[in-house]
Amino acid sequence: MGILLGFTGPAESIAPNMALSAELAWKEVSDSGLLLNGSKIIPVRADDTCEDAGSATAAAERLVNSESVVGIVGPNCSGITVAITKNVTGNLGVPMISPVATSPAITGLSGYTWRDVPSDARQGEVLADLAIERGIKKVAISYVNDDYGKGLSASFEAAYVAKGGKVLLNAAHEDGRGDYSAEVGALSASGADVLVVFGRFDQGGAAIIQSSLDTGAFKTFVLADGMISQVLIDKIGGGLEGSFGTQPGSSSDASKKFVELAKAAGFDGDGGFRPESYDAAAVFALAVQAAGSTDRKAVNDSIRKVANGPGEKIYPGELAKGLKILKEGGKINYEGATGVEFDDKGDVPGTYRVEEVKNGKFEVLGVR
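Residues numbered from 1 in each chain as written. Predicted model: local features only at pLDDT ≥ 70, side-chain atom pairs only at ≥ 80, totals over all residues. Heavy atoms only, no water.

By the naming in an unreviewed UniProt entry, the protein goes by ABC transporter substrate-binding protein and is assigned to Mesorhizobium shangrilense. Taken verbatim from the UniProt record of the protein, the Sequence similarities (unreviewed entry) comment is "Belongs to the leucine-binding protein family." (UniProt positions renumbered as here; feature names shortened; annotations may be inferred.)

Colleague: Kindly report on the nonpolar core, identifying the contributing residues and their values.
Modeller: The biggest cluster of nonpolar side chains holds 90 residues, and the ones touching the most others in it are Ile 209, Leu 223, Leu 232, Leu 319 and Tyr 334. In terms of residues, this core owes the most to one element, helix H10 (residues 274–291), which gives 10 residues. With residues near it in sequence (within four places) discarded, Leu 319 still touches Ala 25, Glu 28, Val 29, Tyr 278, Ala 282, Leu 286, Ile 314 and Tyr 334. Ranked by size, the runner-up nonpolar core spans 24 residues in total, among them Leu 130, Ile 141, Phe 156 and Ala 224. (Core = buried A, V, L, I, M, F, W, Y, C linked by side-chain atoms within 4.5 Å. Buried < 20%, exposed > 50% of the residue type's maximum accessible area, 1.4 Å probe, protein only. Helix = DSSP H or I, 4+ residues; strand = E, 2+ residues; numbered from the N terminus. Contact = heavy atoms within 4.5 Å.)

Colleague: Lay out the sheet that holds strand S8 (residues 194–198) in plain terms, naming residues and giving numbers.
Modeller: Taken together, the seven strands give an open sheet; going across it, the order is S7-S6-S8-S9-S10-S13-S14, and neighbouring strands pair in mixed fashion. Every other strand in the sheet has two partners, leaving strand S7 (166–173) and strand S14 (361–367) as the edge strands with one partner each. When strand polarity is set aside, the average angle formed by the axes of neighbouring strands in this sheet is 25 degrees. As judged from the five bridges shared by strand S10 (residues 244–248) and strand S13 (residues 352–358), these two strands associate in the antiparallel manner. Counted as the bridge partner of Pro 248 is Tyr 352 from S13. (Pairing = 2+ DSSP bridges. Axes fitted to C-alpha atoms, helices over the stretch in contact; angles between N-to-C directions.)

Colleague: I'd like a rundown of the pairing of S14, residues and numbers included.
Modeller: Note: S13 against S14, six bridges, orientation antiparallel. For Glu 355, the partnering residue across the bridge sits in S14 and is Val 364. Between S13 and S14, which pair antiparallel in sequence order, lie two residues; one of them, Asn 359, sits at a positive phi of approximately 55 degrees.

Colleague: Account for the sheet that holds strand S3 (residues 72–73), naming residues and giving values.
Modeller: An order of S2-S1-S3-S4-S5 is seen for the five strands of this open sheet, with the pairing classed as parallel. Two strands close off the open sheet at either side, each with one partner strand: strand S2 (44–47) and strand S5 (113–115). Note: strand S1 (residues 2–5) against S2, four bridges, orientation parallel. Bridge pairing in S2 links Leu 4 to Ala 46. Lying over the sheet, helix H1 (residues 15–32) contacts S1, S2 and S3, oriented at roughly 165 degrees with respect to S1. Against the sheet, helix H3 (residues 78–92) makes contact with S1, S3, strand S4 (96–98) and S5, and its axis sits at roughly 180 degrees relative to S4, the strand it touches most.

Colleague: Describe helix H12 (residues 319–327), listing the residues and the values that go with them.
Modeller: Every buried residue of H12 is accounted for by Leu 319, Gly 322, Leu 323, Ile 325 and Leu 326. For H12, the angular spread of buried residues about the axis comes to 165 degrees, placing them on one side. Here the buried face of H12 lies against H1, H10, helix H11 (296–307), strand S11 (312–314) and strand S12 (332–334). Positive phi shows up at Gly 329, right after H12, with a value of about 90 degrees. (Arc of directions from axis to C-beta.)

Colleague: Quick one: what's the story with the layout of surface pockets, residue by residue and with numbers?
Modeller: Counted as a void, the largest pocket has a volume near 910 Å³. For the lining of the largest pocket, the elements supplying multiple residues, two or more each, are helix H8 (230–236), S10, helix H9 (253–265), H10, S13 and S14. Here the residues of the lining of the largest pocket are counted per class, giving 18 nonpolar, 17 polar and 11 charged. Taken together, 16 residues form the lining of the second largest pocket, with Cys 50, Glu 51, Asn 145, Asp 146 and Arg 200 sitting closest to its centre. Where the lining of the second largest pocket is concerned, the elements lending two or more residues are H3 and helix H5 (147–162). At four residues, H3 tops the list of elements feeding residues into the lining of the second largest pocket. When grouped by side-chain class, the residues that make up the lining of the second largest pocket number eight nonpolar, three polar and five charged. (1 Å grid on protein atoms, 1.4 Å probe; cavity = no way out; pocket = protein on both sides within 12 Å on 5 of 7 lines; lining within 4 Å. Points joined across faces, edges and corners; volume = space filled by probe spheres on them. Nonpolar A, V, L, I, M, F, W, Y, C, P; charged D, E, K, R; others polar.)

Colleague: Any chance you could break down the UniProt feature "domain: Leucine-binding protein" (unreviewed entry) in the protein for me, citing the residues and the numbers?
Modeller: In the numbering used here, UniProt assigns the feature "domain: Leucine-binding protein" (unreviewed entry) to residues 2–306. Overall, residues 2–306 shows 48% helix and 14% strand. The separation of its end C-alpha atoms is 20 Å.

Colleague: Tell me what's going on with the packing of aromatic side chains, and back it up with residues and numbers.
Modeller: Per the stated rule, a full pass over the model turns up four aromatic pairs. With a centroid separation of 5.1 Å and an interplanar angle of 75 degrees, the aromatic rings of Trp 114 and Phe 342 are classed as edge-to-face. In this pair, Trp 114 is assigned in strand S5 and Phe 342 in the loop between S12 and S13, connecting sequence segments 228 residues apart. Here Phe 156 and Phe 198 contribute two aromatic rings whose centre-to-centre distance is 5.8 Å and whose plane-to-plane angle is 75 degrees, an arrangement assigned as edge-to-face. Placement of the pair is Phe 156 in helix H5 and Phe 198 in strand S8, with a sequence separation of 42 residues. Of the residues examined, Phe 156 reaches a relative accessible area of 0% and is grouped as buried. Taking relative accessible area as the criterion, Phe 198 reaches 0% and is therefore assigned buried. A network of ring pairs unites the aromatic residues Phe 156, Tyr 160 and Phe 198 as a single cluster. For Arg 134, the ring lying beneath its charged end belongs to Phe 244, and the centroid distance is 4.0 Å. (Phe/Tyr/Trp six-rings, centres within 6.5 Å; stacked < 30°, edge-to-face > 60°. Lys NZ or Arg CZ within 6 Å of the ring centre and 35° of its normal.)

Colleague: So what's going on with the packing of helix H6 (residues 181–189) against helix H7 (residues 204–215)? Which residues, and what values?
Modeller: Packed helices, taken two at a time, are described by the angle their axes make and the gap between the axes. Here H6 crosses H7 at 65 degrees, and the two axes come no closer than 9 Å. When you trace H6 past H7, the crossing you get is right-handed. Counting all contacts with H6, which are made through Ser 181, Glu 183 and Val 184, the residues of H7 involved are Ile 208, Ser 211, Ser 212 and Thr 215. A per-class count over the contact of H6 with H7 returns two nonpolar, four polar and one charged. (Left-handed = near helix turned anticlockwise from the far one by under 90°.)

Written out as structure tokens, the structure is:
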């Protein structure tokens, strides 16, 4: 099985724990001895870089052609997911489940491309609701100039304006620049009260916020999943107090169980896209069992069968139970840590944790 994530590039800080989460599920399956005829899953990692489509395509081709993976957990970033689907996996019939690519452009892209993280078409609406509910009437938007940022900013603006808000400037920023004073100056000159930042917590998004605070341009920020990290707070300091945002996830008993499993395995599971990575890997393993083989098309055709029910619900730490039921000819409904349920486009509705910076930490206020 392949793990194709951004181990270098703009997502390199989140990829390692995502990979460990996927490998945790596959170890659970292998240790059970119940997969097919006692088969074990061998994880093969590859780097999608999250920004270089050529390198990512080459990495995917290696996984598919040289390593002969059955399926791929990943890729990391939305633009890379589109490129690999069009150039490799969609053409060759290799299933991928991305635990992190959120652009609306992925919906319906290929019958072999799935994701167990909700589309930003919905995240934009949730964030717009939160802003309006808090009485925020005028905003400026700074988004990272890629498929993720473009899709999310468009979704948020459409929903926010429809609810009566005003977007005074919606402008892109590039990662990797040393100075963002010009961008922040333009955003501030728009007359907006609050800055919405759709970027990455260790890249341009963080620098936009730092520059805004240094110049007094903005004091409150609305953040999306790419910005939700303790790393951002530690870097920025107290200036983020009161800022809020969303990231996929829940506070269910199942999600807490995954965090416990991760802790026992020696890593932190309480972070963005880690439970989704575990779930993507678990779905693949269960689909292999349901298919009765490692044939890629058969596995792809079995994904909904194991994830959508009807059947006995399976949660983190219960993969052996799911494998046994399938082996005996029964049916399962894999809920996992995130409540997996694929629609006819390969998307999931998902839920979002609403988080606000309080006393130097992101505090979960609720789930939507």
